[in-house]
Amino acid sequence: MIARLLILLARGWQIGPSAILPPTCRYDPSCSAYAITALRRYGAMKGGWLALKRIARCHPWGGFGPDPVP
């Protein structure tokens, strides 16, 4: 139930602000797509934690390139 709510929030980001803003994602897949996959695969607790860790790595001094969900 909580995972579905978090997935809806990520989809809302993809459809709303992300569709309007220029693409600036450093990773492939994007953080929102990563979060949706992690939440579907691992549930709200572990998937949410993986998504938060990924978002925390997304900064100018972070990495880039392919970063699949484990």
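Quick note: structure is the one above.
Residues numbered from 1 in each chain as written. Predicted model: local features only at pLDDT ≥ 70, side-chain atom pairs only at ≥ 80, totals over all residues. Heavy atoms only, no water.

A. Seen up close, the overall build of the protein. Tallying secondary structure elements over the protein gives three helices and two strands in all. Mapped in sequence order, the helices and strands of the protein form the string α-α-β-α-β. The C-alpha radius of gyration computed for the protein amounts to 12 Å, which stays within 12% of the reference 11 Å derived for 70 residues, consistent with globular compactness. In terms of its C-alpha atoms, the protein occupies a principal-axis envelope of roughly 35 × 25 × 15 Å. (Helix = DSSP H or I, 4+ residues; strand = E, 2+ residues; numbered from the N terminus. Rg over C-alpha atoms; globule rule 2.2 N^0.38 Å.)

B. Representation of a nonpolar patch on the surface within the structure. Side chains of M1, I2, L5, L6 and L9 sit close together on the surface and give an oily, nonpolar patch of about 590 Å² of accessible area. For L5, the location among the structural elements is in helix α1 (residues 2–15). (Patch = residues over 30% accessible without salt bridge, like charges linked within 9 Å, V, L, I, M, F, W, Y side chains within 5 Å. Areas by Shrake-Rupley, 256 points an atom, 1.4 Å probe, with all protein chains shown as cover. Salt bridge = Lys/Arg side-chain N within 4 Å of Asp/Glu carboxyl O.)

C. How the structure looks around helix α3 (residues 31–57). With 27 residues, α3 ought to run about 39 Å at 1.5 Å a step, yet its terminal C-alpha atoms sit only 10 Å apart, falling short of that. Considered for burial, the residues of α3 that qualify are C31, S32, Y34, A35, I36, A38, L39, G47, G48, L50, A51 and R54. In this fold, the buried residues of α3 make contact with α1 and β1 (27–28). (Expected span 1.5 Å × (residues − 1). Buried < 20%, exposed > 50% of the residue type's maximum accessible area, 1.4 Å probe, protein only. Contact = heavy atoms within 4.5 Å.)

D. Representation of the pattern of salt bridges. Evaluated as defined, the whole model comprises two salt bridges. Note that R54 and D67 form a salt bridge whose closest N and O atoms lie 3.5 Å from each other. Placement of the pair is R54 in helix α3 and D67 in the segment after β2 (65–66), with a sequence separation of 13 residues. No difference in accessibility class separates R54 from D67, as the two residues are buried. For D67, the salt bridge is made with R57, and the minimal N-O distance between the two is 2.4 Å.

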